[in-house]
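Next come the chains, spelled out residue by residue.
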Amino acid sequence: MMSYTIMVIDDEAEMRKLIRTFLEADGYRVVEATDGVHALSLLHEIRVDLCLADVMMPYMDGFLFAQEVKRTIDLPIIFLSAKGDEWDKIKGLKHGDDYIVKPFLPGELLARVASVLRRSYQRKGLNSALSFGPLEIDKEAHRATLNGKALSLTLKEFGILYVLAKNSGRVYSRDELLQIVWGDDHDSSVRTVDTHIKTLRLKLGDEGRKIETVWGIGYKFEV
């Protein structure tokens, strides 16, 4: 399953490793860069949703990197720095989207990342997420979360969940789900849908009860 991709830019390998551990545990994909110049070169090759950039780096510091990026890309940037005085924070918020002082707790980092991503996608008009209590389904990011934790769904599982949830209350036959999620070019039987639904319910835990079987017809998502 695809998720948000975050670039971690820091000249200290141990810091990059630590941040990568926090982010990947929360379901994010991570790309590493050693400095601003390296990061700029990677941005020509990789689609990134957010950058975590250290301020003090060789060759190109975090502020200069942000200036270069924002000339051409609407990319949210969170600065990381050991410098916590007011002027540095103001400068960071002027050039980026948030400013976190080192050392920081994992929970603070993850909360700020989630907040900046949410604001960014709302600003771009891309926030098409569906929310059902603890369950959130974001089609644009191809990401589903339960109680804030990313769910490890296959492409077909995510497709089924999104179709049913987006049209909650409507009953879909197995043939309809095959047509919509698998497309015309497939040789799967309707029982394949049953297998995917079973696995999907297990991954959703208690929320899996929202996917109801309509005997003799198919399935629906009932809130």
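Above this text you will find the structure in question.
Residues numbered from 1 in each chain as written. Predicted model: local features only at pLDDT ≥ 70, side-chain atom pairs only at ≥ 80, totals over all residues. Heavy atoms only, no water.

Our focus in this paragraph is the nonpolar core. As a rule of thumb, soluble globular proteins bury nonpolar side chains together. Core analysis: the largest hydrophobic core is formed by 27 residues, its most contacted members being I137, L161, L164, I211 and F221. Those elements that provide at least two residues to this core are β6 (130-132), β7 (135-138), β8 (143-146), α6 (155-166), α7 (174-182), α8 (190-204) and β12 (218-221). Here the element with the most residues in this core is α6; it accounts for seven residues. If near-sequence neighbours (up to four positions away) are discounted, I211 is found in contact with L161, L164, I197, L200, R201, L204, Y219, K220 and F221. (Core = buried A, V, L, I, M, F, W, Y, C linked by side-chain atoms within 4.5 Å. Buried < 20%, exposed > 50% of the residue type's maximum accessible area, 1.4 Å probe, protein only. Helix = DSSP H or I, 4+ residues; strand = E, 2+ residues; numbered from the N terminus. Contact = heavy atoms within 4.5 Å.)

A word on helix α1 (residues 13-25). Taking 1.5 Å per residue, 13 residues should reach 18 Å; α1 reaches 18 Å between its end C-alpha atoms and fits that length. For α1, the full list of buried residues reads M15, R16, I19, F22 and L23. The buried residues of α1 occupy an angular sector of 130° when projected down its axis, which confines them to one face. Along α1, the residues that are exposed and aim more than 90 degrees away from the buried face are E14, K17 and A25. Where α1 terminates, the next one or two residues include G27, which has phi positive at roughly 95°. (Expected span 1.5 Å × (residues − 1). Arc of directions from axis to C-beta.)

Once that is clear, we can look at the sheet that holds β7. In spatial order, the strands read β6-β7-β8-β9; together these four strands make up an open sheet with antiparallel pairing. What marks the edges here is a single partner per strand, and that holds for β6 and β9 (149-150). As paired elements, β6 and β7 share three bridges and run antiparallel to each other. Among the inter-strand pairings, F132 is bridged to a residue of β7, identified as L135. Across the sheet, α6 lies against β6, β7 and β8, angled at about 105° from β7, the strand it touches most. (Pairing = 2+ DSSP bridges. Axes fitted to C-alpha atoms, helices over the stretch in contact; angles between N-to-C directions.)

Bringing the environment of I73 into the picture now. Of note, I73 is situated in the loop between α3 (62-70) and β4 (77-81). Once the C-alpha coordinates of I73 and L43 are considered, the two residues, 30 residues apart in sequence, prove to be 9.6 Å apart.

These figures capture arrangement, not role.
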